[in-house]
Amino acid sequence: MDRAFSWVAAFPDEVWEHTFSFLPTDADRNAVALVCRSWHRIERLSRRKIFVGNCYAVEPAAAVRRFPEVRAATIKGKPHFADFNLTITDWGGGAGRWIQSMAKGWPLLEELRLKRMVVSDDCLEIAARSFKNFRVLSLASCEGFSTAGLASVAANCRNLKALDLHENEVEENCINWISHFPESFTSLVTLNIACLDGEMNVSILERLISRCPNLKTLRLNHVTPLEKLVGLLHRAPQLVDLGIGMLIGEGHPGLFSKLESAFAHLKHLKNLSGIWEAGPLYLPAIYSICEGLTALHLCDSSIQTPELSKVVSRCKNLQQLWAMDLIEDDGLIAVASSCKLLRELRIFPSDPHGLAQPVYLTQYGLLAVSSGCVMLESVLYFCRQMTNSALLAIANNCPNLTCFRLCIIEPYTPDYITQEPLDAGFGAIVELCKDLRRLSISGLLTDRVFKTIGASANRLEMLSVAFAGDTDAGLHYILSGCKKLRKLEIRDCPFGDKALLDNADKLEAMRSLWMSSCSVTLGACRLLAKKMPRLNVEVIDENGGGSLESWPDDCHVEKLYIYRTIAGPRTDAPPFVLTV
Amino acid sequence: MEGDRRCGGGAASPASVSSVSKAAERDVAVEDDVAAGVAEGEEGESDRDDEGLELGLTLGAARKWNPPPVRWSPCLHILTAKDLPSLASLASPRSPSASSVSSSSVTNLSGVGTGTKRSAESASPDVAGSPQPPSQMVVGWPPIRAFRMNSLFNQSKEHTPETTAVAIKKSVSKDQSRKDQGGRRTEMRNSMFVKVKMDGDPIGRKVDLNAHHSYEALAVSLELMFQKPTMATNLLTSFDGAKAMNLLDSSSEFALTYEDKDGDWMLVGDVPWGMFVETAKRLRIMKISDATGLSI
């Protein structure tokens, strides 16, 4: 050991290990590992949690080898835009190789969280059988598995605490997979099956719930008739997080008071989510729990603003509200005056393709919330009109915003009053909200907004851009500025080769870049790939694959995904995803 | 910047008529009547701006406003006189949004950026017809997870008759401005993505069944997606036939099949469109030579 680092020996390894356990982020631990060999060794042997933001950035076997004592792993697969069908099916993101390496190298693994990956039933089976202490399985936006896979998890994971399935595409081939939890199984704390389509055998579910006294989160699936919900709720009065699936009402008189009393028993309820199809007449049944709610995710197609407003005005402690745009400006005004602790607002469009009459949700709703809710940090807002002055006011009202995602549904929509681009408005957001970490922009935007973002958005980590900009300069501003940018996703913008090549180094400092329907040519991709060996430059060829070498340099690249990796080109790419 | 050039006078002035027609530079024909609609809506505009700023500072002070409803006009569609009667009847006395609608339609048709290529294609054949939903031809826009879109669709499909009755009755009793929303439930259609694969093409794709109104429209979409120009006509002949026998004539190279809820593969075109959308789980474009053993 170098004399320069002899101080390391002043403390036994366990002391350093304990010290490192206080480091909050992986980035800190990575930094620590660079200090000297001893610290590197100590850190890697004591790392318990690992986060892999891009499953192709590193070989699974290498990760498992480097950190042999991991107990909790989070791995993400496909790029974010895959959610919107911009990648192709069979793009990749398979979890198989990871699961196999983990099964061999981390037998003591307790928690596994996968997002946007393709997980087969085999994977689930291997995981269920290999990890004896398996406690938490969380799959979000995944696909490729069926309820048969879930059945093997249920049957084999004796100490499972959490089964959290969030918006996955699951084949339903095993109707009573829930019955595979053995009678002796009592450890469940979280059960989220909201994404499953099939009918659930309610009596089996009831028995499961009854024997799991620690159950705190229960998110049911799909269609839950009122009667059945009442029965379930009575068995789990300790619930903190309840998802009602889709609640339908049968319309007979005694039901309302039953529902009301069932909810009244949930004294600890903090989160309520689900689709309320039981009609607005039943909605007052939840009034008794509103005051305790910190999160309300109510997606619905029949609740009109007046009823919804009555609910939100009772939710004095609400911190997180996700709702459909049916809440309208009036409902948001009610939120602004009642929910003073609101931190996160998400408004989704009920009618994304504009087929029905438009809802009365405009920039005023968001403006009202920004004005009334001083703690607002995170916004996702779908609307059809916006003005620069509203955005400026929002930025002034909420300088603490960390996440601002505005989607004006029709591309290229200008400020509807002045007809100007929304550069000034978004510019105000990035200049005034110094802690902004995530931003999605929309509407009519020129290169100017990118100049401002590049210059001012110093904490920005993720940026989503669509149908914006005039020239390559736009991309150049972003890549040459935005010091902390990690993920950039762009579609349908006139950005091209020059900005990419001029900022090649930046791409290695980022996790990934997605560009589709822009002006990138194959020649630039080739140059980039040559210059930056630690980047995978993947081109998706929708014409069915074929040899990349034969194509000319000026050939237009429709979909481009660039990410840094130490694993080299991926070996599981389908024939139409070509690494340049 | 382009935006500035386009908006000319900005807010409330008859000059906005000229700003609209200036936009005709961009190869878009806009009828004069649209400009008239713009002129109508002008009084409210300057008020609106002030109220907007007020609201930002003191909540509750400006409660008197009524947010202008965004009049939804088909934005991928060249506005003609035929559309205007409907615009006029819907327009409230203050509707500066009428101008925004026409401007944004103008914007969309101008083909700025590569992404509108597809939308321009869909706009051109459709000059004087009924309103078409604007965003349907742009893949992945608006950015809502396919999963969420499908859930929305299932949700509006599955409510029981009682709840529908309750919802509609309640909404009918409301005031005039809300009356439209009672019909929302039945009108509302959301996305229904299903996987589609073509024989010989390794790439699987997803198509939104609910973005189409007919088999013909679906055929056209699939043609665009798989870029086989003669495919649509081939598929269309198979729809008309509606019997397996007709498929097997040599002029038709492809057959479109779907997997239904029971897992059987059926020929597309036999059942009414609505029923098809509800039962289809997956699509497959088969080469005729492989089309043996299909259930009729």
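A quick note: this is a predicted structure, and the numbers were derived from the prediction, not measured. (Residues numbered from 1 in each chain as written. Chains lettered and ligands numbered in written order. Predicted model: local features only at pLDDT ≥ 70, side-chain atom pairs only at ≥ 80, totals over all residues. Heavy atoms only, no water.)

> What exactly am I supposed to notice about the overall build of chain B here?
The number of helices and strands found in chain B is 15 helices and 5 strands. By residue count, 48% of the 296 residues in chain B fall in the buried class. Pairs at least 24 apart in sequence give 58% of the contacts found in chain B among residues at least 6 apart. Accessible area of chain B: about 13700 Å², with a carbon and sulfur share of 55%. (Helix = DSSP H or I, 4+ residues; strand = E, 2+ residues; numbered from the N terminus. Buried < 20%, exposed > 50% of the residue type's maximum accessible area, 1.4 Å probe, protein only. Contact = heavy atoms within 4.5 Å. Areas by Shrake-Rupley, 256 points an atom, 1.4 Å probe, with all protein chains shown as cover.)

> Looking at this model, I keep getting lost on the packing of aromatic side chains. Mind explaining?
Any pair of aromatic rings gets described here by the distance separating the centres and the angle formed by the planes. Under the defined criterion, the tally for this structure stands at 24 aromatic pairs over all chains. Between Phe11 of chain A and Trp16 of chain A, the ring centres sit 5.5 Å apart and the planes meet at 85 degrees, which makes this aromatic pair edge-to-face. Under the relative-accessibility criterion, Trp16 of chain A is labelled buried at 12%. The interplanar angle of 50 degrees and the centroid separation of 5.3 Å between the aromatic rings of Tyr215 of chain B and Phe276 of chain B together place this pair among those described as tilted. With Tyr215 of chain B in helix H12 (residues 215–226) and Phe276 of chain B in helix H15 (residues 273–279), this pair connects stretches of sequence that are 61 residues apart. On the basis of relative accessibility, which here comes to 9%, the residue Tyr215 of chain B falls in the buried class. Here Phe276 of chain B falls in the buried class, since its relative accessible area comes to 0%. (Phe/Tyr/Trp six-rings, centres within 6.5 Å; stacked < 30°, edge-to-face > 60°.)

> Help me understand the environment of Ser120 of chain A, please; the structure alone is not making it clear to me.
All names here are of chain A. Take Ser120: it is sitting in the loop between strand S3 (111–115) and helix H6 (121–130). In sequence terms Ser120 and Lys258 are 138 residues apart; their C-alpha atoms lie 41 Å from each other. The contact partners of Ser120, leaving out residues within four places of it in the chain, are Gly144 and Phe145.

> Mind showing me how you'd approach the pairing of strand S19 (residues 462–466) of chain A here?
Two faces belong to every sheet, and in a regular strand the side chains alternate between them. All names here are of chain A. Burial of S19 is extensive: 5 of the 5 residues sit out of reach of the surface. The two faces of S19 match: Met462, Ser464 and Ala466 on one face and Leu463 and Val465 on the other face are all buried. In terms of strand pairing, strand S18 (residues 438–441) meets S19 through 4 bridges, oriented parallel. By the bridge assignment for S19, Ile441 is matched with Val465. The handedness of the S18 to S19 crossover, carried by helix H17 (residues 447–456), is right-handed. Inspection of the sheet shows S19 paired to strand S20 (residues 487–491) by 5 bridges, in the parallel sense. Note on S20: the bridge partner recorded for Val465 is Ile490. Between S19 and its parallel partner S20, the chain crosses via helix H18 (residues 472–480), and the hand of that crossover is right-handed. (Pairing = 2+ DSSP bridges. Right-handed = clockwise from strand over helix to strand, strands pointing away.)

> What am I meant to see in the packing of helix H13 (residues 328–338) of chain A against helix H14 (residues 363–372) of chain A here?
Two quantities define a packed helix pair, namely the angle between the helix axes and the distance between the axes. Residue and element names in this part refer to chain A. Contact geometry for H13 and H14: axes closest at 8 Å, N-to-C directions at 0 degrees. Classified by the interaxial angle, the pair formed by H13 and H14 is roughly parallel. Listed contacts from H14 to Asp329, Leu332, Ile333, Val335 and Ala336 of H13 are Tyr364, Gly365, Leu366, Ala368, Val369 and Gly372. For the contact of H13 with H14, the residue count by class is 8 nonpolar, 2 polar and 1 charged. (Axes fitted to C-alpha atoms, helices over the stretch in contact; angles between N-to-C directions. Parallel < 35°, antiparallel > 145°, perpendicular 65-115°, else oblique. Nonpolar A, V, L, I, M, F, W, Y, C, P; charged D, E, K, R; others polar.)

> Can you help me understand the pairing of strand S11 (residues 241–248) of chain A in this one?
All names here are of chain A. S11 sits mainly inside the fold: 8 of its 8 residues count as buried. Two strands pair when backbone bridges link them, and strand S9 (residues 217–219) and S11 are joined in this way by 3 bridges, in the parallel orientation. Each bridged residue has a counterpart across the sheet, and for Leu218 the counterpart in S11 is Leu242. Looking at chain direction, S11 and strand S12 (residues 271–277) are connected through 6 bridges and run parallel. Paired with Asp241 across the two strands is Asn271, which belongs to S12.

> Looking at this model, I keep getting lost on helix H3 (residues 37–46) of chain A. Mind explaining?
At 3.6 residues per turn, the α-helix brings residues three or four places apart onto the same side. All names here are of chain A. The set of residues buried in H3 consists of Ser38, Trp39, Ile42, Glu43 and Ser46. When H3 is viewed along its axis, its buried side chains cluster within an angular range of 125 degrees and face the same direction. Of the surrounding elements, those touching the buried residues of H3 are helix H1 (13–20), helix H2 (26–33) and helix H4 (60–66). (Arc of directions from axis to C-beta.)

> Explain the pattern of salt bridges here, please?
Pairing is possible between side chains that carry opposite charge, provided their charged atoms lie close to one another. All names here are of chain A. Taken as a whole, this structure holds 29 salt bridges over all chains when the rule is applied. For the salt bridge of Glu143 with Lys78, the shortest nitrogen-to-oxygen distance reads 2.5 Å. Here the residue Glu143 occupies a position in strand S5 (residues 143–146), and Lys78 occupies one in the loop between strand S2 (72–76) and helix H5 (96–105), the gap between them amounting to 65 residues. Residue Glu143 shares its accessibility class with Lys78, and that shared class is buried. The partner of Asp241 in a salt bridge is Arg219, with the nearest N and O atoms 2.9 Å apart. You can see Asp241 sitting in strand S11 and its partner Arg219 sitting in strand S9, a full 22 residues away along the chain. Judged by relative accessible area, Arg219 falls into the buried class, the value being 17%. Sharing partners across several salt bridges, the network here consists of Asp26, Arg29, Glu43 and Arg47. (Salt bridge = Lys/Arg side-chain N within 4 Å of Asp/Glu carboxyl O.)

Read these as geometric descriptors, not functional statements.
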